[in-house]
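Results of the structural survey
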Amino acid sequence: MSELCLYNTLSRKKERFEPLDSELVRIYSCGPTVYSYQHIGNMRPYLFADLLKRTLLYNGYRVRHVINVTDVGHLTDDADSGEDKMELAARESGMDIWQVAEKYTALYKADLEKLRVLPPDVWCKATDHIPQQIEMIRVLEEKGFTYSTDDGIYFDVSKDPGYGRLARIDLSSLRAGERIDGVSQKRHSADFALWKFSPTEGAARQMEWQSPWGVGFPGWHIECSAMSQAHLGLPFDIHTGGVDHVPVHHVNEIAQSENCFDVRPCVRTWMHEEFITFEGVKISKSTGGLYTVGDLEQMGIEPLAFRFFLLGAHYRQQQMFTDNAVVQAQTAYRRLVRHALDLRASGDGNAAAPAGGFRDRFHAAINDDLNLPQALAVVWEMVRTPDLGPREKWALLRDFDRVLGLDLAEARIERGEIDAEIEVLIEERNRARANSDFARADEIRDQLEVQGILLEDSSRGTRWRRA
RNA sequence: GGCGGCGUAGCCAAGUGGUAAGGCGCGGGCCUGCAAAGCCCUGAUCACCGGUUCGAAUCCGGUCGCCGCCUCCA
């Protein structure tokens, strides 16, 4: 059996994975800020985390997985100026801020379900952990890591000699002493807000809390430190997120957690997924390509076909999204489903049978830092090999699907309410064929095709499916 | 400007020292009354130049092109 190796951003290397607790692996995944729809680019982090979790389960570990929902404190500008995204979204939509959070959280979770992302063991949200965040800030203050300005309480990065190690930031060469844009009272550009005071003029905030420093709200990074500690304890095994979080969000999270709780390192393995690019350019708010899972469905792309698409590239590689690429993926996905249906019809077999090394190769692929493209190649080869019978293949395919998550055991070709009518026509056509009346037979087939019904004749009779 | 990454067949995409996985598409074949589905066959020397090596897509140097982060972002 192969060893599980994962790429750790801390060391910039693949490392053999060893859980802190011999059986239970603890994972924290940075979740979304729920001020808007999540687009398909936003789905990759959770697909990635899902594949990580499934791979751990496949290796026999138990997993405790936490995903947070950030519903306060994420500013539109840099971490310390600009407006709270949630407050802004509420004002623009005319909804109550709590409704905004609820709405987009629900949509987000529905999309994850469509993509067959296993639900985490714990969902948590920032506004449910305000006391924990305040307590962390209090401890940091007590230890001398903070200072106060007119607009908030800041973390003083110069007090942390290890600051920025994750991103290999060299503070001394980082514009130190330079004038800080926007927030003039910051001592260093890398200093960041732990607590922000509510504005004294203008519209009142909908979300604000009492604290030892006055009424206000928490900074964007502190919620992850508080919630990961609360739900997993420190240290824990794996923290996941997007590459964009390496230099700021996660660096700051480490600074807060390690200095508050004196646990170093607070996380053993940091894993970061790359972006999906849209016709060569990153999908983002400003550059477009903002399809949602729902948009894909409108285009005729099934959610699981999109999942299959994501399996086609390694998580640490930027993946090119184009309409063409996703359609290609859907074609392949549907072909695999058809194989699954045929194999399933042959009955259940024994997955423990020799299986020609396919299981080992599949396992080795996913254990090599989640190389799903490689694993998929093994899947195709297995499906098409003449060396295995259909029942063995079906057993293996179901086994592999524990990681792939394509729901192959439940897959089916969609049938509708007009079955009876179709059956009658098919019978008539088969009578015509038996009488060599091919003109009539083809006429019926064409007629059904117009309705989106495709016929497939085989030695076992005629089957139909939707186009 | 600083930091990081990428450039593999028409398209998507693995492979990071031993003579290029896989998928989609194209073309050909088998099967079929004809189709469809399925199966089989079929394509690249890895941006370019130089170097290290018995041997490089894989290591080093340079050139060109592209992308990301440093500012909202997974």
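The present account deals with the structure reproduced in this document. Treat the numbers as computed from the prediction; the structure is a model and nothing was measured. (Residues numbered from 1 in each chain as written. Chains lettered and ligands numbered in written order. Predicted model: local features only at pLDDT ≥ 70, side-chain atom pairs only at ≥ 80, totals over all residues. Heavy atoms only, no water.)

Some words on the sheet that holds strand S6 (residues 146–148)
Applied cut-off: DSSP calls a pair of strands paired once it identifies at least 2 bridges connecting them. Put simply, DSSP H or I for four residues or longer makes a helix, DSSP E for two residues or longer makes a strand, and each gets a number counted from the N terminus. Inter-axis angles, ranging from 0 to 180 degrees, are taken between N-to-C directions of lines fitted to C-alpha atoms, where helices are fitted over the stretch in contact.
Ordered in space as S6-S7-S8-S9, the four strands form an open sheet in which the pairing is antiparallel. The open sheet terminates on both sides in strands that have one partner only, identified here as S6 and strand S9 (216–218). In this sheet, adjacent strand axes meet at a mean angle of 20 degrees when their direction is disregarded. In this structure, S6 lies alongside strand S7 (residues 152–155), joined through three bridges in antiparallel fashion. If you follow Tyr 147 over to S7, its bridge partner there is Tyr 154.

Let's talk about the pairing of strand S15 (residues 453–458)
Across six bridges, the pairing between S15 and strand S16 (residues 461–466) is antiparallel. Within S16, the position partnered with Asp 457 by the bridge is Thr 462. In textbook terms, the turn of a hairpin is the stretch between consecutive antiparallel strands, and for S15 and S16 this stretch comprises two residues.

Thoughts on the packing of helix H1 (residues 40–58) against helix H8 (residues 303–311)
The following threshold applies: Should an angle lie under 35 degrees it is considered roughly parallel, over 145 roughly antiparallel, and from 65 to 115 roughly perpendicular; all remaining angles are considered oblique. Contact criterion: two residues are considered in contact whenever any of their non-hydrogen atoms come within 4.5 Å of each other. Ten residue types, Ala, Val, Leu, Ile, Met, Phe, Trp, Tyr, Cys and Pro, are classed as nonpolar, four, Asp, Glu, Lys and Arg, as charged, and the remainder, Gly among them, as polar.
Across the interface, H1 lies against H8 with an axial gap of 11 Å and an inter-helix angle of 70 degrees. As the angle between them shows, H1 and H8 are arranged roughly perpendicular. Contacts between H1 and H8 involve Ile 40, Met 43, Arg 44, Leu 47, Asp 50, Leu 51 and Arg 54 from the first element and Phe 306, Arg 307, Leu 310 and Leu 311 from the second. Of the residues that constitute the contact of H1 with H8, the class distribution is seven nonpolar, no polar and four charged.

Some details on the packing of aromatic side chains
Which entries qualify depends on this criterion: Pairing of aromatic rings covers Phe, Tyr and Trp, the last counted by its six-membered ring, and requires centre-to-centre distances within 6.5 Å; plane angles under 30 degrees mean stacked, over 60 mean edge-to-face, and any other angle means tilted. In this scheme, Lys NZ or Arg CZ marks a charge over a ring once it lies within 6 Å of the ring centre and within 35 degrees of the ring normal.
Going through the model one piece at a time under the given rule, you end up with 16 aromatic pairs. For the pair Phe 17 and Tyr 61, a centre-to-centre distance of 5.8 Å together with 85 degrees between the ring planes defines the contact as edge-to-face. With a gap of 44 residues between them, Phe 17 in the loop between strand S2 (13–16) and strand S3 (24–29) and Tyr 61 in the loop between H1 and strand S4 (62–69) connect regions that are remote in the sequence. An aromatic cluster of at least three residues, connected via ring pairs, comprises Tyr 291, Phe 306, Phe 309 and Phe 321. The side chain of Arg 187 reaches across the aromatic face of Tyr 147, ending 3.9 Å from its centre. The aromatic ring of Phe 217 is capped on one face by Arg 205, whose charged end is 3.4 Å from the ring centroid.

A few points about empty space enclosed by the protein
Where we set the bar: Every definition here rests on a 1 Å grid over the protein atoms only: cavities are sets of points where a 1.4 Å probe fits but cannot get out, pockets are open sets enclosed by protein on both sides within 12 Å along at least five of seven lines, and lining residues have some atom within 4 Å of a point. Grid points are joined across faces, edges and corners, and a volume is the space filled by probe spheres set on the points.
Under the counting rule described, the total for this entry stands at one cavity of 30 Å³ or more. As a volume, the largest cavity reaches approximately 110 Å³. As for the largest cavity, its lining consists of Arg 44, Leu 47, Phe 48, Leu 51, Leu 310, Leu 311, Ala 313, His 314, Tyr 315, Leu 370 and Leu 372. Listing elements by their share of the lining of the largest cavity, those giving two or more residues are H1 and H8. The element best represented in the lining of the largest cavity is H1, accounting for four residues. Residue composition of the lining of the largest cavity, by class: nine nonpolar, one polar and one charged.

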